[in-house]
Amino acid sequence: MARKFVITSGKGGVGKTTVCANIGASLARQKQRVCILDVDIGLNNLDVVMGIEQQIVFDLVDCIEGKCRLKQALIQDFNEPYLFVLPSTQSLNNTKISKTQIKAIVDELSYGFDFILIDCPAGIDLGFHRAVFSASEAIVVTTPHISAIKDAAKVVDILSTYELCSINLLINRVRGDLIVDKTMLSVDEIANVFDVSLIGVVPEDDGIISALNLGGAVDLNSKSSKAFSLIADNIIYGNNDVINFQKEYKGLWGYLKRKIKRSI
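Residues numbered from 1 in each chain as written. Predicted model: local features only at pLDDT ≥ 70, side-chain atom pairs only at ≥ 80, totals over all residues. Heavy atoms only, no water.

Enquirer: What am I meant to see in the pattern of salt bridges here?
Expert: Any two side chains of opposite charge can pair, given that their charged atoms come close. Taken as a whole and judged by the stated rule, the model has nine salt bridges. The salt bridge partner of Glu 65 is Lys 67, with a shortest N-O separation of 3.2 Å. On the basis of relative accessible area, Glu 65 is assigned to the partly exposed category, the value being 36%. Residue classification places Lys 67 among the exposed positions, given a relative accessible area of 55%. (Salt bridge = Lys/Arg side-chain N within 4 Å of Asp/Glu carboxyl O. Buried < 20%, exposed > 50% of the residue type's maximum accessible area, 1.4 Å probe, protein only.)

Here it is, written out as structure tokens:
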């Protein structure tokens, strides 16, 4: 049975979908069978991030309505054979899709995969609850910006009302130069706001922008690739079993400081 993660955030624009795609790719590189499920119905863009928009024949709603078998809607990633995507629909009429229908799809998928990553809509409306209802674990994505942190804290509070096995925090788009200048909160300051585990830190990286423009996961040689690899290790093995998170953070901080020195 698969572990089922919902990847969520309070505020839009924090890179949640990009994080979801790259965690999926990093898990797949470790030969974990991964399915990314896009439940941002109507406003979805996971297909664009993954570069599969031209390959879609059937989607999530087609599966729910019985127009196709689940296997027919799954799209295998071109670069990562262990990674599959179940795309969402472009239809804006999403109120007819219930959380129990989404859960039925997730439960069926769980027999064929090690991990299911559920790309959740931003905010805390119907789409949020529809995504969380199917999950057993959660990763809340935030950036170091006050508005994103505030909204993420609200999401963590709501998630605590669900019977989840774990709720984790991921801090995206960290910039060491701004931390040094005291114009951006540090990782420790952000983590102290939340009473949940910190599962990873991803630095600001132009390689992510390039990947988005081309369609696909971040290049293995990009600055953030190591961060996503460490996050995948933390997900698979746990922070304490294989990855000492303090070493991860110090390694990231060392990289950021070297980048700062080169720019002076």
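Enquirer: Even after reading the chapter, I still don't get the pairing of strand E6 (residues 137-142), so can you show me in this structure?
Expert: Taken across its six residues, E6 has six buried, putting it largely inside the fold. Across the two faces of E6 the burial is the same, with Glu 137, Ile 139 and Val 141 and Ala 138, Val 140 and Thr 142 all buried. One ladder, built from four bridges, connects strand E1 (residues 3-8) with E6; its direction is parallel. Bridging across to E6, Thr 8 finds its partner in Val 140. Of the pairings in the sheet, the one linking E6 to strand E7 (residues 166-174) comprises six bridges and is parallel in character. In the sheet register, Val 141 faces E7, and the bridge partner there is Leu 170. What joins E6 to E7 is helix H7 (residues 146-159), and the crossover it makes is right-handed. (Helix = DSSP H or I, 4+ residues; strand = E, 2+ residues; numbered from the N terminus. Pairing = 2+ DSSP bridges. Right-handed = clockwise from strand over helix to strand, strands pointing away.)

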